[in-house]
Amino acid sequence: MTQSNETHHAQSSQATDDIKVTLRGPAELADALPYLMGFYPTDSLVMLALHGENRRFGGRLRLGLPQDPEEWPEVAGQLADCLVENSTRRGARPDSVVIFLCQDPRAGEAAGSVVERLRPLAQRLRLACGELDVPVVEALCLSAGRWWSYCRPDTAAVPGDGQELPPAGSTAMAATAAYAGLPVPGSLRDMEARLRPAERNRRHEIALDIAAAELVPRMMDHDGGEQEEQIRKRTLGLARAALERFRTAPPITDPGRGDGRDDRLLGDDEAAAIILGLQDREARDRAAEWMEPLQADAALRLWRALARRCAGPYGDHAAAPLALAGWVAWSSGDESEARVALGMALDREPHYTFARLLHHSVNEGLDPELLRSCLRHERRKRVVAASTTRRGPAGRAGRGPGRRSPGDRRVRTRR
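Residues numbered from 1 in each chain as written. Predicted model: local features only at pLDDT ≥ 70, side-chain atom pairs only at ≥ 80, totals over all residues. Heavy atoms only, no water.

J.: For this particular structure, what's the right way to read the overall build of the protein?
T.: A count of helical and extended segments in the protein gives 15 helices and 10 strands. Sorting the 415 residues of the protein into buried and exposed places 52% on the buried side. Residue pairs in contact within the protein that sit at least 24 positions apart in sequence constitute 70% of those at least 6 positions apart. Total accessible area on the protein is roughly 19200 Å²; 51% of this is exposed by carbon and sulfur atoms. (Helix = DSSP H or I, 4+ residues; strand = E, 2+ residues; numbered from the N terminus. Buried < 20%, exposed > 50% of the residue type's maximum accessible area, 1.4 Å probe, protein only. Contact = heavy atoms within 4.5 Å. Areas by Shrake-Rupley, 256 points an atom, 1.4 Å probe, with all protein chains shown as cover.)

So this is what it looks like as structure tokens:
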């Protein structure tokens, strides 16, 4: 199997156009998975499309492992259809498929038990792909640092115990990734921890209650847009001040901790006002302009910290900062974090247009420079308008992707 430039790493494919890696056998295939995905999948089902005689990697699909076995037949059919359909639409129907089932043992459970528990799901996936005339050439279970093959059980010296994954950094895939300057993959669990609350914090919720009581009535007051523009300016002013603090403060080593330094850079009232203000689509789109190299790292840390404040009844308010985090990550070349952040945004708001468009763009391999250029153009228009009229930004000059018409505008409130 050959690693080609179709594989999405955390940098553009142009940087690795001439790099190819041949993977020999299931052990090297299992070791390559984090590099193919950009992170170590946890509690995940991963399907990779293969093309041609050399089985070149193409599209890939990841889903959290469905917990109810009764859902497995339906899920298997949907995933097989999705992978084949999307690959065909992008230019090439898969010739075969590789499947990974990744889950660490539960408390008191042996890794070998994980393999047997997930075996019916692997079989369902093989049957679903076979019905589409796309054979599964390998199906692996990865658990507790070991691997098992559902297709070739004789590959393990001791089938019940599986085989150990190669030591970190010892394989051709790891060496090639280091040569290409690709980052060492982290775990999916760690990436998600950076973006979700560590625990419910009543202090944060009270601050959001107060901000909602103040801002929502003003945002709903249709007075020609003056109130909305005032709130917009206040939101962006607070966010810019916070952005500067994040820019000058060094990053912490564990950004997923709820009591980390990044979280302490935000006051409760300040964070609540920004979160509520970002529910306005125009404010959010203007904040999306903070994707240039000198701002991107601080902006990503800010959006993560704001997303971590959205717990309890305000969980769905995280969609806006999560989508902004996904956009900045994608714009900076980190497609892995972009997919995770945008996926989490859509978990909270499945119909959130901004996140849906970005998620589709990342998965289609589009160039983020197209959106960057659009945002720069909108910013220039707004600056010109502000310099020629006392009224400030003219009309809806800040409109951007994912914008709905003013008549369809909806202010998010606590439910």
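J.: In this structure, what is going on with a negative patch on the surface? I would like to understand it.
T.: Taken together, the side chains of D68, E70, E71 and E74 present a region of like negative charge at the surface. With respect to the helices, strands and loops of the structure, E71 is situated in the loop between strand 5 (56–64) and helix 2 (72–89). Assessed through its relative accessible area of 40%, E71 is described here as partly exposed. (Patch = residues over 30% accessible without salt bridge, like charges linked within 9 Å, V, L, I, M, F, W, Y side chains within 5 Å. Salt bridge = Lys/Arg side-chain N within 4 Å of Asp/Glu carboxyl O. Lys, Arg positive; Asp, Glu negative; His and termini not counted. Charge placed at Lys NZ, Arg CZ, Asp CG, Glu CD.)

J.: Sorry if this is basic, but what is going on with the side chain of E337 here?
T.: Examined against the element boundaries, E337 turns out to sit in helix 13 (residues 335–348). A distance of 2.8 Å separates a polar atom in the side chain of E337 from a polar atom in the side chain of R304. What E337 contacts, discounting residues up to four positions off in sequence, is M191, R194, L195, L300, R304 and A329. (Polar contact = N/O pair within 3.5 Å; in protein donor to acceptor, adjacent residues only side chain to side chain.)

J.: Can you help me understand the environment of R245 in this one?
T.: Take R245: it is sitting in helix 7 (residues 226–248). Looking at R245, the relative accessible area reads 30%, which means it is partly exposed. Between the alpha carbons of R245 and A298 there is a distance of 8.3 Å; along the sequence they are 53 residues apart. Once you skip the residues sitting within four places of it in the chain, R245 turns out to touch L265, L266 and E270.

J.: I keep staring at the nonpolar core and nothing clicks. Help me out?
T.: The nonpolar side chains of a soluble globular protein tend to be buried with one another. Residues F100, W303, L306 and W327 are the most contacted members of the largest nonpolar core, which totals 88 residues. Here this core gets 10 residues from one element, more than from any other, and that element is helix 12 (residues 319–331). Each residue touching W303, except ones within four places of it in the same chain, is listed here: L278, A287, W290, P321, L324, A325 and V328. (Core = buried A, V, L, I, M, F, W, Y, C linked by side-chain atoms within 4.5 Å.)

J.: Sorry, what's going on with the packing of helix 12 against helix 13 here?
T.: When two helices pack together, you describe them by how their axes are tilted relative to each other and by the distance separating the axes. Two elements in contact, helix 12 and helix 13, have axes separated by 8 Å at closest approach and are oriented at 160 degrees. Accordingly, the angle class assigned to the pair helix 12 and helix 13 is roughly antiparallel. Crossing of helix 12 over helix 13 shows left-handed handedness. Of the residues in helix 13, those in contact with A319, L322, A323, A325, G326, A329 and W330 of helix 12 are E335, E337, A338, A341, L342, M344, A345 and R348. (Axes fitted to C-alpha atoms, helices over the stretch in contact; angles between N-to-C directions. Parallel < 35°, antiparallel > 145°, perpendicular 65-115°, else oblique. Left-handed = near helix turned anticlockwise from the far one by under 90°.)

J.: So what exactly am I meant to see when it comes to the pattern of salt bridges here?
T.: Where side chains of opposite charge bring their charged atoms close, a pairing between them can arise. The tally for this structure, following the rule as stated, stands at 32 salt bridges. One salt bridge connects R119 with E116, and the closest N-O pair in it is separated by 2.8 Å. Note that R119 and E116 are positioned in helix 3 (residues 111–131) at a spacing of three residues, about one turn of the helix. Looking at R119, the relative accessible area reads 35%, which means it is partly exposed. Accessibility expressed as a relative area gives 46% for E116, which makes it partly exposed. With a closest N to O distance of 3.9 Å, R301 and D297 form a salt bridge. In this pair, R301 and D297 are both assigned in helix 11 (residues 293–308), four residues apart and thus about one turn of the helix distant. Taking relative accessible area as the criterion, D297 reaches 47% and is therefore assigned partly exposed.

J.: For this particular structure, what's the right way to read the pairing of strand 4 (residues 44–51)?
T.: Regular strands place side chains that alternate from one sheet face to the opposite one. Buried residues dominate strand 4, accounting for eight of its eight residues. Taking every second residue as pointing to the same face, both faces of strand 4 are buried, with S44, V46, L48 and L50 on one and L45, M47, A49 and H51 on the other. Across seven bridges, strand 4 lies against strand 5 in antiparallel orientation. In the strand pairing of strand 5, V46 is matched with R62. Taking the residues that link successive antiparallel strands as the turn, the strand 4-strand 5 hairpin has four residues, and the phi of G52 there is positive, at about 75 degrees. For strand 4 and strand 6 (residues 96–102), the ladder comprises seven bridges, and the chain directions are antiparallel. Counterpart to M47 in the pairing with strand 6 is I99. (Pairing = 2+ DSSP bridges.)

J.: Teacher, can you tell me more about helix 13 here?
T.: Residues three or four positions apart in an α-helix share a direction because the helix packs 3.6 residues into each turn. Along its 14 residues, helix 13 runs 20 Å from first to last C-alpha, staying within 8% of the 20 Å computed at 1.5 Å per residue. Most of helix 13 sits out of view: 11 of its 14 residues are buried. Elements in contact with the buried residues of helix 13: helix 1 (25–37), strand 3 (39–40), helix 5 (188–193), helix 11, helix 12 and helix 14 (353–363). (Expected span 1.5 Å × (residues − 1).)

J.: Whenever I open this one, helix 7 confuses me. Can you help?
T.: With 23 residues, helix 7 extends 33 Å from end C-alpha to end C-alpha; this agrees with the ideal 33 Å at 1.5 Å per step. Taken residue by residue, helix 7 has Q227, E228, E229, I231, R232, T235, L236, A239, A242, L243 and F246 as its buried positions.

J.: Can you walk me through the side chain of R232 in this structure?
T.: With respect to the secondary-structure elements, R232 resides in helix 7. There is a polar contact of 2.7 Å between the side chain of R232 and the side chain of E229.

J.: Just checking my understanding: could you explain the packing of aromatic side chains for this structure?
T.: To describe a pair of aromatic rings, one takes the distance between the centres and the angle between the planes. Inspection of the entire model under this criterion finds two aromatic pairs. Ring centres of W290 and W303 lie 6.0 Å apart, and the angle between their planes is 5 degrees; this geometry places the pair in the stacked category. Remark: W303 occurs in helix 11 and W290 occurs in the loop between helix 10 (281–287) and helix 11; sequence separation between them is 13 residues. The buried category is assigned to W290, whose relative accessible area is 6%. Residue W303 is classed as buried on the basis of its relative accessible area, which comes to 0%. Plain terms: the ring middles of W327 and W330 are 5.8 Å apart, the flat faces sit at 70 degrees to each other, and that makes the pair edge-to-face. In this pair, W327 and W330 are both assigned in helix 12, three residues apart and thus about one turn of the helix distant. Judged on exposure class, the residue W327 and its partner W330 are both buried. Sitting over the ring of F354, R284 keeps its end group 4.1 Å from the ring centre. (Phe/Tyr/Trp six-rings, centres within 6.5 Å; stacked < 30°, edge-to-face > 60°. Lys NZ or Arg CZ within 6 Å of the ring centre and 35° of its normal.)

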